[in-house]
Amino acid sequence: RPLLVCDAETTVRAAMQAMQQGHRGYVVITADGTARTRLTGIFTERDVLLRVIDGGRNPMEIRIGDVMTRDPETLPVDARIACAQARCSRAISRRW
């Protein structure tokens, strides 16, 4: 499936509609809204709940750049599964 990509100026409502139509729980945000440029953030269903709804913000007015998770951790394309598991374990440990 193609990646859902947008830029930080996209409204939360537009991102949510793309997520719904694409049956995805996330949208990745890049510098120019294409998959060819640097990743700047990710916007997930969790961000909708915690940063938009719980914050009492209007999804039709707020830009995704204001509520996205900035600079998410990434792995190289050729990373091994064990490396991904180790990173996930460390991230979960930091949350608790």
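Everything numeric in this text was worked out from a predicted model, so none of it was measured.

## Structural notes on the pairing of strand 3 (residues 39-44)
Of the pairings in the sheet, the one linking strand 2 (residues 26-30) to strand 3 comprises five bridges and is antiparallel in character. Each residue of the ladder has a partner; that of Ile29, found in strand 3, is Gly41. Where strand 3 lies against strand 4 (residues 69-70), two bridges are found, and the strand directions are antiparallel. For Gly41, the partnering residue across the bridge sits in strand 4 and is Arg70.

## Some remarks on the side chain of Thr10
Mapped onto the secondary structure, Thr10 falls in the loop between strand 1 (5-6) and helix 1 (12-22). Reaching out from Thr10, the side chain makes a polar contact with the backbone oxygen of Asp7 at a distance of 3.1 Å. Ignoring sequence-local partners within four residues, the contact set of Thr10 consists of Ala15, Ile62, Arg63 and Ile64.

Conventions adopted
- Residues numbered from 1 in each chain as written.
- Predicted model: local features only at pLDDT ≥ 70, side-chain atom pairs only at ≥ 80, totals over all residues.
- Heavy atoms only, no water.
- Pairing = 2+ DSSP bridges.
- Helix = DSSP H or I, 4+ residues; strand = E, 2+ residues; numbered from the N terminus.
- Polar contact = N/O pair within 3.5 Å; in protein donor to acceptor, adjacent residues only side chain to side chain.
- Contact = heavy atoms within 4.5 Å.

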